[in-house]
Each structure stands twice: as structure tokens, then as C-alpha cells.
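Structural features, examined
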Amino acid sequence: MSKSCKLLFLILISICATYIQAQESAVYNDINFILDPIKGTAEVTATPYISGDVLIPDEITVGQKTYQVVEIGENAFYGCTKLHTVTIGSGLDTVSSYAFYDCKGLKTLNIPENVKTLLMPHVENQKRVVDAANNVDKKLLEEAFAEDPIVKGRITSEEIHVLVEEMLAKTL
């Protein structure tokens, strides 16, 4: 390996290590967050055993720094069977896979219009989330189903459209 390749490799490792070290964690209103001080963002992370009604705020302040809450991460509320209502702040744009998986007590999920990505694997879980969701965007649901690894490539977009229409009709 040439000296310039080794130098480039070391620089890349250094940048990656700096970025990884920059991420921190915090608990805010009983919700766990991963903080990215460089970007000024926060992601909801695994928060086991939370129950009742939860508000995901637009932003959180930790120490002297304010972070924009932009994502509910994978498995964030996985298995929180006593979680009843989740209201998502308007700053959030992504709900990741398994975020509400096995949340059997979830009755209301307030998803703001600005959420651009909704990843919900497993149709059974999607139905539970859709039943709880208020004013969820039909196109957002169709995209979530289209990306579901169980569904992807197995049914057409027209079939997904019909499935979402049927699910939304049952929740009204």
C-alpha cells in the first residue's frame, strides 16, 4: 500500500472516530435520545418500559445545547405494551423500523404532516399502528408498505393502494 493510500486511510479512520465519539446520549422526559452535537439533532432510541401518554418534543435542551428531534429510531418503543398515546412533534421527519413494534396498548398515534419517512415492517404491526394513527398521510403509508421486506416485490403498487385504502376505511 502506498504512503498516500495509508495516509488517506488514517484520515478517514480519524474522521469516523471523531464522529462516533461526538455522539452522546441523554434522557429527557423519560425518553432516551442519541444526540449528535455536530448536527444539533436528536434521535429517540430504545426506551423500554415507558407507558401511558408520550410526547416526542420538537427539540430538547441538554446542558446549554438545544437539539432538534428528527427521528424515532429503530426499536425505540419496541414492546412497550402499556404505551397508549404518542404525539410526535412537528420537527420530526422519520419513524424508523420497529419503532412501535409490539406496542399492543397503543391507541393513538399523532403523526404530523412533516413526517417524510415511515418504516414499519410486518403487516400485523402496520395495522396496529394505522389503527392508532390520526390523520396519517395515505401516500406515506403506501411507501411504508412498499418498503416492507415481507411485501416488497410480492405485490403491486395498486394492491398496496387498495390495502391502505381498506385499512384507513376500517379506522374511520
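First things first, this report covers the structure right here in the doc. (Residues numbered from 1 in each chain as written. Predicted model: local features only at pLDDT ≥ 70, side-chain atom pairs only at ≥ 80, totals over all residues. Heavy atoms only, no water.)

1. What to know about the overall build of the chain
If you tally the helices and strands in the chain, you get 4 helices and 11 strands. Every one of the 172 residues in the chain was classed for burial, and the buried ones make up 38%. Once local pairs closer than 6 in sequence are excluded, the contacts in the chain between residues at least 24 apart make up 45%. When the accessible surface of the chain is totalled, it reaches about 10,000 Å², and 55% of it is carbon and sulfur. (Helix = DSSP H or I, 4+ residues; strand = E, 2+ residues; numbered from the N terminus. Buried < 20%, exposed > 50% of the residue type's maximum accessible area, 1.4 Å probe, protein only. Contact = heavy atoms within 4.5 Å. Areas by Shrake-Rupley, 256 points an atom, 1.4 Å probe, with all protein chains shown as cover.)

2. Regarding the environment of Ala 46
With respect to the helices and strands, Ala 46 occurs in the loop between β3 (41-44) and β4 (52-56). C-alpha separation for the pair Ala 46 and Ile 72, spaced 26 residues apart in sequence, amounts to 9.3 Å. Residues in contact with Ala 46, not counting those within four places in the same chain, are Asn 32, Asn 75 and Ala 76.

3. Side note on the state of the cysteines
The tally for this structure, following the rule as stated, stands at 0 disulfides. We note that Cys 80 lacks a disulfide partner, and the nearest cysteine sulfur, in Cys 103, lies 5.4 Å from it. Here Cys 80 falls in the buried class, since its relative accessible area comes to 2%. (Disulfide = S-S within 2.5 Å.)

4. Brief notes about the environment of Thr 81
The residue Thr 81 is located in the loop between β6 (65-72) and β7 (83-88) in this model. Residue classification places Thr 81 among the partly exposed residues on the basis of a relative accessible area of 39%. Sequence-wise, Thr 81 and Ile 50 are 31 residues apart; in three dimensions their C-alpha atoms are separated by 8.7 Å. The contacts of Thr 81, once residues within four sequence positions are left out, are Asp 102, Lys 104 and Gly 105.

5. As for the nonpolar core
Ile 56, Ile 72, Phe 77, Leu 83 and Phe 100 are the most contacted members of the largest nonpolar core, which has 34 residues in total. Every element with two or more residues in this core is listed here: β2 (31-36), β3, β4, β6, β7, α3 (138-147) and α4 (157-171). The residues touching Ile 72, leaving out its near neighbours within four places in the chain, are Val 44, Ile 56, Phe 77, Ile 88, Leu 92, Thr 94, Val 95, Ser 96, Ala 99 and Phe 100. (Core = buried A, V, L, I, M, F, W, Y, C linked by side-chain atoms within 4.5 Å.)

6. Side note on unusual backbone geometry
If you check the backbone angles, Asn 29 has positive phi at about 50° while not being a glycine. Although it is not a glycine, Tyr 49 adopts a positive phi angle of roughly 70°. Assignment of secondary structure puts Tyr 49 in the loop between β3 and β4.

7. Overview of the pattern of salt bridges
Under the definition given, this model contains 1 salt bridge. Between Lys 104 and Asp 102 there is a salt bridge, with the nearest N and O atoms lying 3.4 Å from each other. The class for Lys 104 is exposed, based on a relative accessible area of 52%. (Salt bridge = Lys/Arg side-chain N within 4 Å of Asp/Glu carboxyl O.)

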